[in-house]
Structures are given as C-alpha cells and as structure tokens.
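Structural overview for review
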Number of protein chains: 2
Amino acid sequence: MPLTERPDRMDKKPTIEPKGRQQPRVKIEDVARKANVSPATVSRVLNHPEIVRPELRDKVMRHITDLSYTRDSAARALKSGRMRTIGVIVPTLALGIFAEGVEALQNRLSESGYTLFIANSQYDQRRELQELQSLIERGIDGIVLVGGSHGRELRALIEQAGVPVITTYVSKAVGGIPAIGIDNERATREMTEYLLRLGHVRFGAIANVVAASNDRSRARLEGIQRALSDAGLPLRPTQIIKADYSLAQGRSALRQLLTDHPDTTAVICTTDTLAIGAMAEARKIGVAVPATLSITGFDDVELAAQMDPPLTTVSVPAAEIGRGAADYLINAIAGSPLPRSVLLPYRLVMRSSTGPPRSSERPPRRRRSPG
Amino acid sequence: MPLTERPDRMDKKPTIEPKGRQQPRVKIEDVARKANVSPATVSRVLNHPEIVRPELRDKVMRHITDLSYTRDSAARALKSGRMRTIGVIVPTLALGIFAEGVEALQNRLSESGYTLFIANSQYDQRRELQELQSLIERGIDGIVLVGGSHGRELRALIEQAGVPVITTYVSKAVGGIPAIGIDNERATREMTEYLLRLGHVRFGAIANVVAASNDRSRARLEGIQRALSDAGLPLRPTQIIKADYSLAQGRSALRQLLTDHPDTTAVICTTDTLAIGAMAEARKIGVAVPATLSITGFDDVELAAQMDPPLTTVSVPAAEIGRGAADYLINAIAGSPLPRSVLLPYRLVMRSSTGPPRSSERPPRRRRSPG
DNA sequence: TTGTAGGCGTTATCAT
DNA sequence: ATGATAACGCCTACAA
C-alpha cells in the first residue's frame, strides 16, 4: 500500500516518528537467509563476484534483486573509512561558469561511483569555512574549492582532516593547495595587448573585485594594468570601476566610466556579465559598439556569442576544469602520484564588440601607414 | 608536518595507500581517556549536554577541542539510521532558474544542519533513475525532484525506500508526489490573454518541449493553446516551434516561424532563454520589437530586465521554491503533518517587448473606438 | 549523575 | 569455495 496515497495511515500508531526509517531496511542477513548462504557469501557476491562459484553467485544475485536489497552506505563507510563522497564549495551557483563546472564535476564523479555534496559561500570566507567544517564532519573523501584566496584556518582544517583538496579556476597553487584552471592574469594581458595593437590608447576597466576572496577577477585586473603599464599607458584609479558580479553593476559602471572619461575607446571587463551590462548601457546611451567603444568580457557564457554585436571575450573551459578536478581527486584518494597543478588553456574569442578606435592618435602599427 | 608540503613524504612506507584515512581519526574513546571519563559521558556531552554536571561537561569540552575531535558521521548514521542529508536531481544546472533554486535549497538546508547531494539528469528519465538509486543507497533522508514527469519505476523506488519526496517548479501532485511551485499553464494562459487584449490575432509559440520529461514547458504550451482556442484562434501545428533549451534554438525557431507565417505579430516563448534568442534574431533580421512583433518569455532571468527592449515575462519564484522544498522535507522527516502541495504565486512582468500590433484587424476592446 | 555493554550493517580475517 | 567471527565508532538502555 503506497505510503503517499493517504496523508493519514492507520496501520500502526498515530504518533509522529521523528527519526529512523519506517520500513526496516532489508539487509545482507535477510538475503543470506533467503538464499541459504552465509552473510559473508552475499557480501562477496557484491564485492568480489569472481571468487564465488557461478551458480551460487547467480542464486544470491536473484535474491538480491528479489528483495531489492541495497547496501547501507553508512555501514560500509564505517567499515571502510571511506564515504565515496566529494564536497564542492563555490562562491555562488548564479554564475553560469560555476554551475557549468559543478555539473561537469558531478557527472564525472558519478561515473566513478562518487556522490557530490554542494555548498556555496556567497564570496564570504567565514561561510566557506563553516561549510567546509560541515563537509569534513560528513566525512568527505575530497574537496573542491574555487580560487586561491583562503584563510589560514581553512587550510589548517583541510590539512588536519587529511582530505585531498584541489582549487579551481586558477592555475597557481597557493598554500600547498594544487590548482586546476587558467592563467587569468595572462589572459587579460593578452586581451589588452590585442586592443593596444588595434590602436586603442584610452582604456577603462570594469572589475568585480569587491569580494575580497575573488582572486580571479583581481588577477584579471592585474593583467590589464600590467599590459597597459608596459605600454606606457598606466591606468589611473578613476579608470578602474569596481563592481560586484551583477549585470546591473556593469551598466552603472559604464555610465560612471564615461562620465569621468568620455573619450574612452576601450573597456575591458573581468566578466561577461559585466560586459553585457556595459553593452546594454552603451546601446541605451547611444554609444556605438565597436565604432565608438570597444568592449570585452571574460568567461564566454552562452549569451556572449548571441549579443549584438557578438562579444569579444576569453573562453574559460569550465567543464574541463570540473572534470579535471574530479579526476584529480579520484586519483588522489587512490593514492596515485599527482601533478601539483594543472594549467588549462583559455581561448581569446575575437568577435565584433571590438575594433579599432574611430580616430586613433597613435595608429595601429602596420606595414602601410594609414591613408 | 604538512602533508601537502612535499609530494614524497618519507615517514612511513612509500607504497600507496588506496583506502582509509592516513591519520587515525581521534574518537570518542580517546577523548574519554584524556578526560578520565567514560565514552558514554563524552557522548552525552555532545548530544545531551544539559544532563551532564557542568564542571565535568566543561572539562570534557576542553578535551574535545584540544584533540579537535569531530564525530564520525558514518558511525552516527549507522546507529541512528539518519544521515541528515538531502538529495536533489535537476535536469541541468545550466539553466539559471534551477541553479537559483538549488542555491536557495542548499542555504536553507545548511541552516538546519542538513547537507545537500546534487545530481543532474540532463532531461533523461533513465539517468534520473540511476542517480536516484545512487542517492538512496547513500541513505538520503529526503529527495527533491523537478517536475511531474517521472516513471513508475522511480516512484516505486522512492516509495519502497520510504524517503520523503517533493517535486518542484510545478504545482500539482502527480502519482502521490507533492509539489511546490507555480501553475505554469495558468501563467501562459494569462500572458496570452494579455496579448489578446492588446489586439493580437496572429500568434506563434516557441516551446522547449523536445525533452519528454519537460512537463513545465508542456503545461505552458497548453496554456497558450487553451487561451487561443477559447478566443477562437486555435494554433496550427506550424505556428508551434519545438526547441530545446538553448538560446541558439530560440533564434532559429523565430526564423522558421516567420518564414512560415510572416505576418505573425506575437510570439510566446516558454523560456526566457528562447525569448532572448528570438529577440536577438528579430534584431538581426530587422524586425522591430515590439512595433512589428511582440515577444514574451518565461522565468524572468536576470538578463530579461536588461534587454533592449526589456522582456515581458513571467517571474518564477525559484528561491522561494528551493526554500519551500527544504522546509517541506525537514518537516516531513520530523514527522510533522504537511500540506499535500504548495501553490506559489507567479508574477506577470509587463515590460516593453510587448505592445499592440501595428495594424490590428480586430482592435483592442476599449471604450473609445480607434481613430 | 555516570559507567558498562550490546548492537547498528558491513566486510576482512581466519578457519574449514 | 564458503562459513563463523570480530571490529569499524557511536549511542542508549540499563545498571550502579
């Protein structure tokens, strides 16, 4: 009789049952009894089928399915000391780039019999620490983090728990935590150099660096600054607008930038979301992209290619990062030797939101001088 | 000595350790010995502090923190039969609406000491079943699903496991599974009626109904069809374009729709992503929105309000759905009496992607007749 | 108020 | 090849 059929079932007592399962779970012993074998044999059928006589194995198997027995993972974990469980803490799932990475991570883990605990920190290091504590108490066998900005406490906690860890979306190991991801700083440096080659000299940057823990965007901003300094065009503070990760802030950031520096010809954003906001605002205030203003993003979200004009951006291999993190941890748990960190390639995707400045004081360096 | 410092530690044996934790975990017995009390007392300090003499309690507490003891959740779960763990299976995290719901779900669960297992089905019922199986083996105390299209097998599995379930983003219980969400059909019916009142008579629909399990979009499509039938303007098959959930398909769908029915004045999409794709395509082929063509979406994603023109859509309370699902399961686990289903309000958000048709054969019914 | 002891379900060791 | 048994760490009757 389906439990879910009637709100009030009147079989046993009407009092609430605050804990435990209702139907006593079928266990190995039940299967063993039905099959007239010992519990040990059932266990062997489950874990080492090859050492059980085929006919017996089949018989046991039949009873297993008959009773639809499933093993109790708690008991298993208690015995083996391993939970076959991985935890991930992302800043937020609202950013498609993290959602994509988590999805890939889960898919790969699932293939290997692992299950994924998820938590989010809202870019708050204290919350991240709490969530980690909870995950470690849960007995996770490995942990995936994002970025390299983590407190000493967090590292101590991980170390003490002896849990393999990897951090993602960045490429440099920090505090002994290996990383898998891209070189954010280099990517924006290249992007900036591309714009310099196009002839731009008046730049602006919109960076989501308000969260202390966002070292990805910080590195991206540094890449921009370094490229411009190297070109003798260092960014002044008013040319850098700090924002969070929302689209609306991309809009207001562009407005502010153009108020302070109306003659800006190129805006580099550390996130597609910000760039898309900036493009929306540019359209609204009648600034032509890319004729009057070039805009670049970072992440290459689905929408980037569909914008009008399509957004020039940096493609981040989020799915590959997720898969790589899964592989790393699975190997680490198995005790395999591991690379310290994995540097993944990004891709500069040149679309139509960028072009040469309308009137370049310092024309692009080409063979033929401009007519 | 940090484990992570050197790849090769030479303290014990150089062979790999395929299983188990390295450092033997500190357990209740260790604390008990240090504190000169029985293991039972330590356990009581942990679980029922009020029944332990304060001074003794404090002493034990000190040793607990000193040894930084954490309880073994596997053993705990084995004893109590409860894991304090909830599972969720979404079609994909790539859709912001699901990511948002999962995030809210996790936040609420975390407040109550629960941890969230996440899995994704890719809109595939077989995969959903597999993931569910794995979650149930993990001993989850509750499960969150999306939508009402689930196979008999899945329902049987849940019932047999005796695990509380709730399905989300829909409002009607199916097969005994309670739901929390909105009335999708009613929402698009209202949206369609709104367009009818504006004077539209030539409609098109773009619906992501290729996945068999997507009953949300199916209901939304039915809402459109019903409203139009009621108005004596039933949709012909060629006026309905079926798509998946990608932005690119929104583009191609609009192209196809306008090829077959160039005189269409209103397009209703079952997803913002599709609507945004349709708007992008409209702009590209020079169709003015809303002057020539009205477009509506569904979900109210962040970008919807930022489009040019801002997108008329239906706002789905994803965060509220996530929180509500968490509350429902927490109560269900505690044995509290529960409502069968929860109907949440949606909100029609009228923005500027909709307007009256340019030349309405059948003018809007107003007091003053059109000039 | 605190201690003793048994068992939760599984699996590995040892014996047959 | 299969069976008996002990132990994983914790919790809770029950005893003191």
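Since the model is a prediction, treat every value here as computed from it, not as a measurement.

It is worth spelling out the overall build of chain A at this point. Secondary structure summary: chain A contains 12 helices and 12 strands in total. The buried share among the 371 residues of chain A stands at 53%. Residue pairs at least 24 apart in sequence account for 70% of intrachain contacts in chain A once pairs closer than 6 positions are excluded. When the accessible area of chain A is evaluated, it comes to approximately 17200 Å², of which 50% is carbon and sulfur surface. Across chain A, 51 positive and 40 negative side-chain charges occur, with their mean positions spaced 2 Å apart.

Moving on, we get to the protein's contact with DNA strand D. Around DNA strand D lies a shell of 24 residues, among which T41, R44 and R53 of chain A together with K27 and Y69 of chain B are the nearest. Sugar and phosphate atoms constitute 66% of the interface atoms of DNA strand D, taking the interface as everything within 4 Å of the protein. S43 of chain B is positioned such that a nitrogen or oxygen atom in its side chain is 3.4 Å from a phosphate oxygen of DNA strand D. Within the backbone of D72 of chain B, an N or O atom sits 3.3 Å from a phosphate oxygen of DNA strand D.

Around DNA strand C sit 24 residues in total, of which K27 and Y69 of chain A together with T41, R44 and R53 of chain B are the nearest. When atoms of DNA strand C within 4 Å of the protein are sorted by moiety, sugar and phosphate together comprise 66%. Within the backbone of S38 of chain B, an N or O atom sits 3.0 Å from a phosphate oxygen of DNA strand C. Secondary structure elements with two or more residues in the surface near DNA strand C: α2 (39-47) and α4 (73-80) of chain A together with α2 (39-47) and α4 (73-80) of chain B. Looking at the surface near DNA strand C residue by residue, the class counts come to 9 nonpolar, 5 polar and 10 charged.

Before going further, it helps to spend a moment on the interface of chain B and chain A. With 77 residues of chain B at the contact, the number on the chain A side is 77 residues. Around 6000 Å² of area is buried between chain B and chain A when both sides are counted, 46% of it from carbon and sulfur atoms. On the surface where chain B and chain A come into contact, there are 2 salt bridges. Its salt-bridge partner being D308 of chain A, residue R283 of chain B comes within 3.6 Å of it at the nearest N-O pair.

All names here are of chain A. Relative to the helices and strands, G297 resides in the loop between β9 (294-296) and β10 (313-315). Along the chain, G297 and Q122 lie 175 residues apart, while their C-alpha atoms are 22 Å from each other. In contact with G297, other than residues within four places in its own chain, are C269, T271, D272, A275, L311, T312, T313 and V314.

Counted according to the given criterion, the structure contains 34 salt bridges over all chains. Linking R351 of chain A and D300 of chain A is a salt bridge whose minimum nitrogen-to-oxygen distance equals 3.1 Å. Separated by 51 residues along the polypeptide, R351 of chain A in the segment after β12 (347-349) and D300 of chain A in the loop between β9 and β10 bring together distant segments of the chain. Taking the shortest distance from any N to any O, the salt bridge between E281 of chain B and R255 of chain B comes out at 2.8 Å. Highlighted residues: E281 of chain B in helix α11 (residues 272-284) and R255 of chain B in helix α10 (residues 247-260), separated in sequence by 26 residues. Note on E281 of chain B: relative accessible area 2%, which makes it buried. One salt-bridge network, held together by shared partners, links R283 and D308 of chain A together with R283 and D308 of chain B.

Calculation criteria
- Residues numbered from 1 in each chain as written.
- Chains lettered and ligands numbered in written order.
- Predicted model: local features only at pLDDT ≥ 70, side-chain atom pairs only at ≥ 80, totals over all residues.
- Heavy atoms only, no water.
- Helix = DSSP H or I, 4+ residues; strand = E, 2+ residues; numbered from the N terminus.
- Buried < 20%, exposed > 50% of the residue type's maximum accessible area, 1.4 Å probe, protein only.
- Contact = heavy atoms within 4.5 Å.
- Areas by Shrake-Rupley, 256 points an atom, 1.4 Å probe, with all protein chains shown as cover.
- Lys, Arg positive; Asp, Glu negative; His and termini not counted.
- Charge placed at Lys NZ, Arg CZ, Asp CG, Glu CD.
- Near = heavy atom within 4 Å.
- Polar contact = N/O pair within 3.5 Å; in protein donor to acceptor, adjacent residues only side chain to side chain.
- Nonpolar A, V, L, I, M, F, W, Y, C, P; charged D, E, K, R; others polar.
- Buried area = accessible area lost by both parts, 1.4 Å probe.
- Salt bridge = Lys/Arg side-chain N within 4 Å of Asp/Glu carboxyl O.

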